[in-house]
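Breakdown of the fold
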Amino acid sequence: MKKAILSMAILVSSFGFAQTVSQDTTATRNQQQNAAQNILSGNISKGVTVGGYAQIDYNQPEGQNGKLDVHRFVMLLGYKFNDKVQFVTELEYEHVKEFYVEQAFLNYSLNDNLNVRAGLMLVPMGLINEYHEPTTFNGIERPNVDKSIVPTTWREIGVGVSGKFNEASLRYQAYIFNGFASVNGTKVLGGKNGLRNGRQKGAESTVNTPNLSAKLDYYGILGLRLGLSGYFGRTQATDDMDDIDGADVGVAMIGLDARYINKRFSARGQYIHTSIKDADDYNALYATNLGSEMKGWYTEVAYNLIPLGREQKLDAFIRYEQYDTHAATSKAGIDRNLSYNRNEWTTGLSYHVATGAVVKADYQFIDNAVTNNKTKGQLNLGFGVWF
Amino acid sequence: MNFKYILLLFTSTLMLSSGLPKNIQKKVDKEIKKIFEVEEFTLDPMVFPSEVTKELAADFGENTLFTIQENEKHLGYAYVSKAPSKTDDFDYLIVFDTNFIIIKSKVLIYREDYGGEIGSKRWLKQFIGKTQGDTLIYGDNIVAISGATISVRSMTKAINDVLVSIKILHEKQSF
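Residues numbered from 1 in each chain as written. Chains lettered and ligands numbered in written order. Predicted model: local features only at pLDDT ≥ 70, side-chain atom pairs only at ≥ 80, totals over all residues. Heavy atoms only, no water.

As for the overall build of chain B
Helices and strands together make up the secondary structure of chain B, namely 5 helices and 5 strands. Tracing chain B from N to C terminus, the helices and strands come up as α-α-β-α-β-β-β-β-α-α. The long-range fraction of contacts in chain B, counting pairs at least 24 apart against all pairs at least 6 apart in sequence, stands at 50%. Approximately 7,700 Å² of chain B is accessible, and the part contributed by carbon and sulfur atoms is 52%. (Helix = DSSP H or I, 4+ residues; strand = E, 2+ residues; numbered from the N terminus. Contact = heavy atoms within 4.5 Å. Areas by Shrake-Rupley, 256 points an atom, 1.4 Å probe, with all protein chains shown as cover.)

This is the structure in structure tokens:
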């Protein structure tokens, strides 16, 4: 009996010894180069996070004066209260003088598979709205599908859940968001840039009906990532208008996206389709020209001219995109404007001089479906950083 | 039962409570049990002289590398450490067989939304079979994940550094 107790005691002892891994989560045990890149407090699992991204552009349309612009300068500021609770903000200057809060949300991580978050958040639709840092896409300007069809950077106040399933290589997001404003100040929705004018951006925004947004990402095939996004709801009308026919429209947007990378070759593409309900009443009420259907797609291929294993990367790319904010107009009670059926070729280079810093140059051929429309050219140069 | 046995049991209990934080320990135990199909095992920390470890690319300080024992039987090795993600760091585990060939890698705790895709079981499978002679190159023999570049690079570098360090430790006959 004594022997048995002694053996057990020794066994338990050795197990105890064996498990004494010092897991002091407040210590920066692993002093890797960028471990401290964003942590000011020196406390790795709790504290302040800073970061940001910026892009400075030069656009030179053929036959016109050019434009030099500090297009975006965004500071990321976050605070981690503990491993479960984090507050994240992105503060943005556009064109030097316009200030926005781009994101501001509180995230509560319940477990490995489930986060609950609320606040001003990005609507997960397509590629660029969520991944819009300039080092993550080719070309100086974001694709125009991600401007006129998906109004990037599209963010509203909402609440929802997100998480990942490692076994299935699946990420999900589902939110209830505030919707677009039917009328935003003096701006109305229309054919030129679709729903873009309706973004309320969390600034004293009007709310009368919730909108649902969800996205699934699958990355279980090596090198490939697929996304399926959906957004459904209605625009928000003010109290004095919301009983009137045409005060709001229904919005149903579906997006498919894919990204592929295989050694030095990469490709991406997306398709976005939007249906607008009650556009006829809306157009009659506000004397505008919002289509009843909008759609757009693009495809892009790129090849890295620098061998793998180096820090630098030089992507030569070509992209074709086609988008139409008047894809259907008959139910909207308006004539179709073919100049809103646009297409673009963009080709150029993205020279990643360091991880997080890119110098870009590209040329765009911009055309539309109007008969005998003359293709316009534009040269773009600039750089982007993300840290 | 005489007094010294009681003292020994008491000490054992204390040691159990001074180990890994529960969440890390639970995850490491679960993986090892699953991989080796064992119920009882011990993790014995390996200690190397600091003049050796300070020269290594990866952290081989106190309580990073362990031998996994089932009674007297040597099952393999476990390496537990941290690597940076975009704005935080994550805990990871690498399990080796007795010849230091990777048989499993796992992200134990990931603390931010961005880059969490590196936890994908399918993606982590790429490291299985890698050993000290291998050089892991992001984008080449380790495939990237779109939208998780920073963490993919970080995990690739971390595991590569561990493999390189093990090679050096072997050369110095530290095992």
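Overview of the sheet that holds strand β3 (residues 73–84) of chain B
Residues and elements named next belong to chain B. Spatial ordering of the open sheet is given by β1-β2-β3-β4-β5, a layout of 5 strands whose pairing is antiparallel. What marks the edges here is a single partner per strand, and that holds for β1 (42–45) and β5 (102–109). Each adjacent strand pair in this sheet contributes to an overall mean axis angle of 25°, direction not counted. Here helix α5 (residues 149–171) sits on the sheet and contacts β3, β4 (89–96) and β5; the angle it forms with β4, its principal contact strand, is near 45°. (Pairing = 2+ DSSP bridges. Axes fitted to C-alpha atoms, helices over the stretch in contact; angles between N-to-C directions.)

Things to note about the side chain of Thr67 of chain B
Residue and element names in this part refer to chain B. Within the secondary structure, Thr67 sits in strand β2 (residues 65–70). Residue Thr67 is classed as buried on the basis of its relative accessible area of 15%. Not counting the four nearest positions on each side in its chain, Thr67 is found in contact with Thr42, Leu43, Asp44, Met46, His74, Gly76 and Tyr77. (Buried < 20%, exposed > 50% of the residue type's maximum accessible area, 1.4 Å probe, protein only.)

Here we look at unusual backbone geometry
All names here are of chain A. Thr152 connects to Thr153 through a cis peptide bond whose omega is -10°. Following the sequence through the fold, Thr153 ends up in the loop between α2 (145–149) and β6 (155–165). At Asn372, a position not held by glycine, the phi torsion is positive, near 65°. Position of Asn372 relative to the elements: it lies in the loop between β17 (357–368) and β18 (376–386).

A word on the pairing of strand β4 (residues 98–111) of chain A
Residues and elements named next belong to chain A. Of the strand pairs in this sheet, strand β3 (residues 85–94) and β4 are connected by 10 bridges, and their pairing is antiparallel. Paired with Thr89 across the bridge in β4 is Ala104. Connecting β3 to the antiparallel partner β4 that follows it, the hairpin turn spans 3 residues, and His95 within it adopts a positive phi of roughly 50°. Taken together, the 7 bridges between β4 and strand β5 (residues 114–122) define a ladder with antiparallel strand orientation. Opposite Phe105, over in β5, you have Gly119 as the bridge partner. Connecting β4 to the antiparallel partner β5 that follows it, the hairpin turn spans 2 residues.

Remarks on the packing of aromatic side chains
Inspection of every chain in the model, using the stated rule, returns 20 aromatic pairs over all chains. Ring geometry for Phe48 of chain B and Phe60 of chain B: centres 6.2 Å apart, planes at 65°, overall edge-to-face. With Phe48 of chain B in the loop between β1 and α3 (50–53) and Phe60 of chain B in the loop between α3 and β2, this residue pair connects regions lying 12 residues apart in the sequence. Phe60 of chain B shares its class with Phe48 of chain B; the two are buried. The rings of Phe48, Phe60, Tyr79, Phe90, Tyr92 and Tyr110 of chain B are connected pair by pair, giving a single aromatic cluster. Over the face of the ring belonging to Tyr100 of chain A we find Arg155 of chain A, whose NZ or CZ atom lies 5.3 Å from the ring centre. Across from the ring centre of Tyr131 of chain A, 4.6 Å away, lies the NZ or CZ of Arg259 of chain A, which sits over that ring. (Phe/Tyr/Trp six-rings, centres within 6.5 Å; stacked < 30°, edge-to-face > 60°. Lys NZ or Arg CZ within 6 Å of the ring centre and 35° of its normal.)

Thoughts on the nonpolar core
Residue and element names in this part refer to chain A. Among the nonpolar cores identified, the biggest contains 36 residues, and Trp154, Leu195, Tyr231 and Ile276 are the most heavily contacted of them. Put simply, the parts of the chain that give this core at least two residues each are α2, β7 (170–177), β12 (250–262), β13 (265–277), α3 (279–286) and β14 (293–304). The element best represented in this core is α3, accounting for 3 residues. Once residues within four sequence positions are removed from consideration, Leu195 is found in contact with Phe180, Leu189, Val251, Met253, Thr274, Ile276 and Met294. (Core = buried A, V, L, I, M, F, W, Y, C linked by side-chain atoms within 4.5 Å.)

Quick look at the pairing of β13 of chain A
Residues and elements named next belong to chain A. When β12 meets β13, the two strands line up antiparallel, connected through 13 bridges. From the neighbouring strand, Arg259 faces β13, where its bridge partner is Arg268. Two successive antiparallel strands, β12 and β13, enclose a turn made up of 2 residues, where Lys263 displays a positive phi of approximately 55°. Relative to β14, β13 runs antiparallel, the two being bridged by 11 bridges. Paired with Phe265 across the bridge in β14 is Tyr303.

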